[in-house]
Each structure stands twice: as C-alpha cells, then as structure tokens.
Amino acid sequence: SILNKITIWWMNQTKHICPNHYTRQINDNSMEVLKCTPFKIEFVVRSYMTGTTNTSIWVNYKNGCRNFCGNTLREGYCKNEQLDEIIITPTTKDKNDKPISPTDIVSSGIMTKNEWEICKKYSLLLFKYGQSIMSKKGLILVDTKYEFGKDKNGNILLIDEIHTPDSSRYWLKSSYNQRFKNNLEPENIDKDIIRK
C-alpha cells in the first residue's frame, strides 16, 4: 500500500536522526521490523492551532484550555494559525486516547524522565526534518504523531509509521497564507478529507 511505501521511504531518510525498527520490505503491503515493546504514548507534534477531534489543540483551546498537555498557550490564537513554537502534546494509547502531560507520563510510571526526554528530542528533530523536506515539495507538515518502543537491548526506536497522510496533517503551502487571511480552511492532503 501507499502508506507502507511512504513509511519505508521516511524510515530510510531519517535513520541518521533516530534509529527505527525497519529492517526490510517484504512486498508492497508489508515490511519486516525489529520486535519492540511500545511505550503506551503517542507523541503528537504540532506547529499550527488546528484540529477537529476532542484531543486536538484547537477544540481544547476554543473551549478555554490554556495549558494543554503541559504547554502554556497564549491568548489570541485563531483557528489554523501557526503556533509561536513547535510543541508536543502527548496522548495515551488506550481505546480512547486522552491528552496527558509529560509530568503525568513520568509520575504514572508510563515512561521514565530519561525515556521521555529521548523521545521528545527524537520527535522534534524528526518533525523539523519532515517539515524541511515537505516544504521543498510545496507542502506544510502541520502536525503528526510518532510512536516509540524499546528493542531487546533496551534501545529506543521509532516504530509504527512516519509522516504518512494517516498520521500527519498536510496543507498546500502555496495557498495557506491567502486562505488563512480570508478565514478559509487550508487546502489539505490527509485523512481530514474523510473526516469532513
């Protein structure tokens, strides 16, 4: 599938930034990976005030939340506006994902402080790299989610997928500014098309 091919491409492109579980492609629909024990956290990285679900930054902000997953948000953001800085808004990996702060992740024993710091560093580096690659292709990588796990030797690896339209929000760079100024939704290429 296209998701498999995109993930394999990105896993190969980013292994200098962060080790991952990919070992080889088996066919168009499957890949061989290292067995890992996943952390029960999704590392959601965001650079814009947007979203449509209950775990999204925009829905929470619109409802008055100014401390979201440990991030202090200033007053005055508009929908689809670029954030002052890239932030991580983790969620739990349960039947119903819930926003959670780094402090609660560590205090509840889901991850150690060191594990959190390593995954946070990898997430920000991967996201910035993804944004730079996609910007050259005329797309804005708006937000995404990463998952990490530990291999049998205790190494932290990127697992699951990376930068696919299933896990990432993409907007067309050429029309973003004009549409934002006119209070129009950005032109997008991701699963929000299905949600809408």
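Heads up: the structure comes first, above all this text.
Read on for a plain summary of the structure. Remember, it's a predicted structure, so these values are computed and weren't measured experimentally.

As for the pattern of salt bridges
Part 1 of the reasoning: Going through the model one piece at a time under the given rule, you end up with 15 salt bridges.
Part 2 of the reasoning: A salt bridge links Lys93 to Glu42, with the nearest nitrogen and oxygen atoms 3.5 Å apart. Placement of Lys93 in the loop between β8 (91-92) and α3 (102-107) and of Glu42 in strand β4 (residues 41-48) is noted, with a sequence separation of 51 residues between them.
Part 3 of the reasoning: Across the pair Lys145 and Asp160 runs a salt bridge whose closest N-O atoms are separated by 2.8 Å.

What about the side chain of Ser123?
Part 1 of the reasoning: Tracing the backbone shows Ser123 in helix α4 (residues 113-136).
Part 2 of the reasoning: Here Ser123 falls in the buried class, since its relative accessible area comes to 0%.
Part 3 of the reasoning: At a separation of 2.8 Å, a polar atom in the side chain of Ser123 contacts the main-chain carbonyl oxygen of Cys119.
Part 4 of the reasoning: In this structure Ser123 touches Phe43, Val45, Ile88, Tyr146 and Phe148, once residues within four positions along its chain are discounted.

So, the packing of helix α1 (residues 2-14) against α4
Part 1 of the reasoning: Interaxial distance between α1 and α4 falls to 12 Å at its minimum, and their mutual angle equals 110°. On the basis of the axis angle, α1 is roughly perpendicular to α4. Relative to α4, α1 is oriented so that their crossing is right-handed. Residues Trp9, Trp10, Gln13 and Thr14 of α1 touch α4, and the partners they reach there are Leu126, Tyr129, Gly130, Ile133 and Met134.

Quick word on the state of the cysteines
Part 1 of the reasoning: Tallied over the full model, the rule gives zero disulfides.
Part 2 of the reasoning: Sulfur of Cys18: no disulfide; nearest cysteine sulfur belongs to Cys119 and is 7.9 Å away.
Part 3 of the reasoning: The thiol of Cys78 is not disulfide-bonded; the next cysteine sulfur, from Cys65, is found 17 Å away.

A closer look at the nonpolar core
Part 1 of the reasoning: Core analysis: the largest hydrophobic core is formed by 31 residues, its most contacted members being Phe43, Met111, Leu126, Tyr146, Phe148 and Leu158.
Part 2 of the reasoning: Contributing elements (two or more residues each) for this core: α1, β4, α4, β9 (139-150) and β10 (156-159).
Part 3 of the reasoning: Leave out the neighbours within four places in its chain, and Leu126 touches Thr14, Ile17, Cys18, Tyr146, Phe148, Leu158, Ile162 and His163.
Part 4 of the reasoning: Membership of the second largest hydrophobic core comes to ten residues, among which are Ile57, Trp58, Phe68 and Cys69.

Notes on the side chain of Thr144
Part 1 of the reasoning: Structurally, Thr144 can be placed in strand β9.
Part 2 of the reasoning: Judged by its relative accessible area of 2%, Thr144 is buried.
Part 3 of the reasoning: Here the side chain of Thr144 touches Ser167 through a polar contact of 3.3 Å, landing on its backbone oxygen.
Part 4 of the reasoning: Setting aside residues no more than four positions away along its own chain, Thr144 makes contact with Phe43, Val44, Val45, Phe127, His163, Ser167 and Ser168.

Some remarks on the packing of aromatic side chains
Part 1 of the reasoning: According to the stated counting rule, one finds ten aromatic pairs in the structure shown.
Part 2 of the reasoning: Between Tyr48 and Trp171, the ring centres sit 5.1 Å apart and the planes meet at 70°, which makes this aromatic pair edge-to-face. Of this pair, Tyr48 sits in strand β4 while Trp171 is found in strand β11 (residues 169-172), placing the two residues 123 residues apart along the sequence.
Part 3 of the reasoning: Exposure remark for Tyr48: the relative accessible area of 6% places this residue in the buried category.
Part 4 of the reasoning: Ring centres 5.4 Å apart and planes at 80° place the aromatic pair Tyr48 and Tyr176 in the edge-to-face group.

What counts, and at which threshold
- Positions within a chain are numbered from 1, following the residues in the order the chain's sequence is written.
- Residue-level local features of this predicted model are given only where pLDDT is at least 70; pairs of side-chain atoms are given and counted only at 80 or more, and the full residue set underlies all totals for whole chains, interfaces and linings.
- Note: side-chain values were computed over all heavy atoms of the structure, leaving out hydrogens and water.
- Think of a salt bridge as a Lys or Arg side-chain nitrogen and an Asp or Glu carboxyl oxygen that are within 4 Å of each other.
- Secondary structure elements are taken from DSSP: a helix is a run of H or I of four residues or more, a strand is a run of E of two residues or more, and numbering for both begins at the N terminus.
- With a 1.4 Å probe rolled over the protein chains alone, any residue whose accessible area is under 20% of its type maximum counts as buried; one over 50% counts as exposed, and the rest are partly exposed.
- Definition of a polar contact: a pair of N or O atoms within 3.5 Å, with one able to donate and the other able to accept a hydrogen when the atoms are protein atoms, and with sequence-neighbouring residues admitted only if both atoms are side-chain atoms.
- Pairs of residues are marked as contacts when any of their non-hydrogen atoms sit within 4.5 Å.
- Lines fitted to the C-alpha atoms define the axes, with helices restricted to the stretch that makes contact. Angles between their N-to-C directions range from 0 to 180 degrees.
- Oblique is the label for any angle not covered by the other classes, which are roughly parallel (under 35 degrees), roughly antiparallel (over 145) and roughly perpendicular (65 to 115).
- Left-handed is the label given to a crossing in which the near helix is rotated counterclockwise from the far helix by less than a right angle, and right-handed is the label when the rotation is clockwise.
- Two cysteine sulfur atoms form a disulfide, by the criterion used here, when they sit within 2.5 Å.
- What is meant by a nonpolar core is a set of buried Ala, Val, Leu, Ile, Met, Phe, Trp, Tyr and Cys residues, joined one to another through side-chain atoms within 4.5 Å.
- Between 30 and 60 degrees the pair is tilted, below 30 it is stacked and above 60 it is edge-to-face, where a pair is any two Phe, Tyr or Trp rings, Trp via its six-membered ring, whose centres lie within 6.5 Å.

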